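# A closer look at the structure
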Amino acid sequence: MSKTNILWYFLLILFFWGCLSKSESSSPDQLSLQGKELKVKEFINPAYLEVYNSWLLVTKHYTDKKALCIIDLADLSVLSNAIKKGRGPGEMANPANMVVDEGHGILWFSDFGKNEIIRFPLDSLAANPNYKPIKSFPLNPAWIPTMNMFYYPSGCIGFTSVMIQKNLISFMNLQGQLVDSMAVPNKIYPDLWKDGGISDNPLICRYIPDYDRIILASRYENKLSVIDMEGNAIFQKEDFPTKISSEQSLGSYRTFYSTEADEVFIFLLYSGRMMQEYDSDLGSSVIHYPNRLLVIDWKGQERYDISLDHPLVTMRLDRLGRRLIGLTEDFDNNLVSYDLSGLYKD
């Protein structure tokens, strides 16, 4: 190869490297989204949300006599107010985490009051509000509070627990026994539980079956990771816009509130400020819920930085409708929807 050709080859490499670097370091698109109130046809008092196909599953407020409301997202009709609260057969004393096996249409509902996880076929709950299950398995009280629970396609339930600190993520089978062979080791956050209490949940964990990956987001630090099921990091990010002072105490400053994902994007509900501050004019403390949605792709590249017009307590992704369902205090029924379809046009 001649010296001239070598020079042109070298310049071509520099050109493509510059384009690549620019693409990877480019700033995310700044957007604002207007939410639409979800006017459900009867009053509900939601505490927690899950989406199953075209249904919205709502854990009801602790004062309600029923544990679950099933809403049809197509017309916002209430299909069922189900699962009576109590300590009788088929009832729930203290409803906690919902775990959905989407492949079989099964809701595994944990009851911290009765130390068990109960099996509910969702079609049966929608058809019969008085349906009482016949299958359950014990939940070891030594693991409570179990956090970040999710259904794994092998037929196990993944979770995190301060009581099992040897694992990043533990698994139980559907008889309530630990499956040590499936445990995900903590290779990336060795100080995860440092200075935390029993009920502290410093990490948000979201399993995404499309890629058999787990999204990990810190609640108190600018740390985000995507890992495989052996605990190896696919990518890690700590360069989000707002940095935390080392003087901030655990729990006083919040970063990530909730994570969702599909085959294209990872959605991060982000705060970057003190969770609660004293308002001298009101004479009381005010909770600051986040209204910022960060969107990255599966390579870790920041794609969108979105301002939402309503602060959200939590969120869930409606994949079929390409929209975000949020829990907000701004509406009577506390539910708001954001159209995300415009993000997928590229």
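Before reading on, note that the structure itself is shown above.
This report concerns the structure included in the present document.

What counts, and at which threshold
- Residues numbered from 1 in each chain as written.
- Predicted model: local features only at pLDDT ≥ 70, side-chain atom pairs only at ≥ 80, totals over all residues.
- Heavy atoms only, no water.
- Helix = DSSP H or I, 4+ residues; strand = E, 2+ residues; numbered from the N terminus.
- Buried < 20%, exposed > 50% of the residue type's maximum accessible area, 1.4 Å probe, protein only.
- Contact = heavy atoms within 4.5 Å.
- Areas by Shrake-Rupley, 256 points an atom, 1.4 Å probe, with all protein chains shown as cover.
- Core = buried A, V, L, I, M, F, W, Y, C linked by side-chain atoms within 4.5 Å.
- Pairing = 2+ DSSP bridges.
- Salt bridge = Lys/Arg side-chain N within 4 Å of Asp/Glu carboxyl O.
- Polar contact = N/O pair within 3.5 Å; in protein donor to acceptor, adjacent residues only side chain to side chain.
- Phe/Tyr/Trp six-rings, centres within 6.5 Å; stacked < 30°, edge-to-face > 60°.
- Lys NZ or Arg CZ within 6 Å of the ring centre and 35° of its normal.

When helices and strands are counted, the chain shows two helices and 27 strands. Relative to its full complement of 346 residues, the chain shows a buried share of 50%. For the chain, restricting intrachain contacts to residue pairs at least 6 apart in sequence, the fraction spanning at least 24 positions comes to 47%. Here the chain has roughly 17,200 Å² of accessible surface; of this, 50% comes from carbon and sulfur atoms.

Among the nonpolar cores identified, the biggest contains 21 residues, and Phe 150, Leu 168, Ile 169, Phe 171, Ile 214 and Leu 216 are the most heavily contacted of them. Within the residue set of this core, elements represented by two or more residues are strand S11 (147-152), strand S13 (167-173), strand S15 (203-208) and strand S16 (213-218). Setting aside residues up to four positions removed in sequence, Leu 216 forms contacts with Leu 168, Ile 188, Tyr 189, Leu 203, Ile 204, Cys 205, Lys 223, Leu 224, Ser 225 and Ile 227.

Before going further, it helps to examine the pairing of S16. Of all six residues that make up S16, five are buried, and the element is covered over most of its length. Pairing between S15 and S16: six bridges, direction antiparallel. Counted as the bridge partner of Ile 208 is Arg 213 from S16. Taken together, S15 and the strand that follows it, S16, pair antiparallel across an intervening segment of four residues, in which Asp 212 is found at a positive phi of about 50 degrees. Inspection of the sheet shows S16 paired to strand S17 (residues 224-227) by four bridges, in the antiparallel sense. Pairing of Ile 215 across the sheet is with Val 226, part of S17. Here S16 hands over to S17 after five residues, the two strands then running antiparallel side by side.

Its location among the elements puts Lys 299 in the loop between strand S23 (292-297) and strand S24 (302-308). In the structure, Lys 299 is positioned 64 residues away from Phe 235 in sequence and 7.4 Å away in space, judged by C-alpha atoms.

Moving on: the pattern of salt bridges. Note on pairing: side chains with opposite charge can pair once their charged atoms come close. Throughout the structure, instances matching the rule amount to 16 salt bridges. A salt bridge links Arg 316 to Glu 260, with the shortest nitrogen-to-oxygen separation between them at 3.7 Å. Pair noted here: Arg 316 is in strand S25 (residues 314-318) and Glu 260 is in strand S19 (residues 253-261), with a separation of 56 residues, a long-range link. Glu 260 gets classed as buried once you look at its relative accessible area, which sits at 5%. For Asp 305, the salt bridge goes to Arg 292, with nearest N and O atoms at 2.7 Å. Within this pair, whereas Asp 305 is found in strand S24, its partner Arg 292 is found in strand S23, the two being separated by 13 residues in sequence. Here the salt bridges share partners, and the residues they tie into one network are Glu 50, Arg 206, Glu 260 and Arg 316.

Note that the residue after Ile 144, namely Pro 145, is joined by a cis bond; omega there is 5 degrees. Inspection of the secondary structure assignment puts Pro 145 in the loop between strand S10 (136-138) and S11. Of note, the phi angle at Asn 53 is positive, near 50 degrees, even though the residue is not glycine. Position of Asn 53 among the secondary structure elements: in the loop between strand S3 (46-52) and strand S4 (55-60).

Attention now moves to the side chain of Ser 80. Residue placement: Ser 80 occurs in strand S6 (residues 77-84). Here Leu 125 takes part through its backbone oxygen, which lies 2.8 Å from a polar atom of the side chain of Ser 80. Apart from the residues lying within four places of it in its own chain, the contact partners of Ser 80 are Leu 68, Cys 69, Ile 70, Leu 125, Ala 126 and Pro 129.

This brings us to the sheet that holds strand S2 (residues 36-37). The pairing of strands in a sheet comes from backbone hydrogen bonds and takes either a parallel or an antiparallel form. Overall, antiparallel pairing links the four strands, which are arranged S2-S27-S26-S25 in an open sheet. Since the sheet does not close on itself, it has two edges, and those belong to S2 and S25, each with one partner. In this sheet, strand S26 (residues 323-327) lies alongside S25 in antiparallel orientation, the contact comprising five bridges. Residue Arg 316 lies in a different strand from S26, and its bridge partner there is Ile 325.

One pass over the full model with this rule turns up 13 aromatic pairs. Relative to Trp 55, the ring of Tyr 52 has its centre 5.9 Å away and its plane inclined at 70 degrees; by these criteria the two rings are edge-to-face. Taken as a pair, Tyr 52 and Trp 55 share a single burial class, namely buried. Ring centres of Tyr 257 and Tyr 289 lie 6.4 Å apart, and the angle between their planes is 75 degrees; this geometry places the pair in the edge-to-face category. In this pair, Tyr 257 is assigned in strand S19 and Tyr 289 in the loop between strand S22 (284-287) and S23, connecting sequence segments 32 residues apart. When its relative accessible area of 8% is taken as the criterion, Tyr 257 is described as buried. We classify Tyr 289 as partly exposed; its relative accessible area is 22%. One aromatic cluster is present, formed by Phe 150, Tyr 152, Phe 171 and Tyr 207 through successive ring pairs. Directly above the aromatic system of Tyr 257 lies the positively charged group of Arg 254, at a separation of 4.0 Å from the ring centroid. Taking the ring centre of Tyr 344 as reference, the NZ or CZ of Arg 322 above it sits at 3.8 Å.

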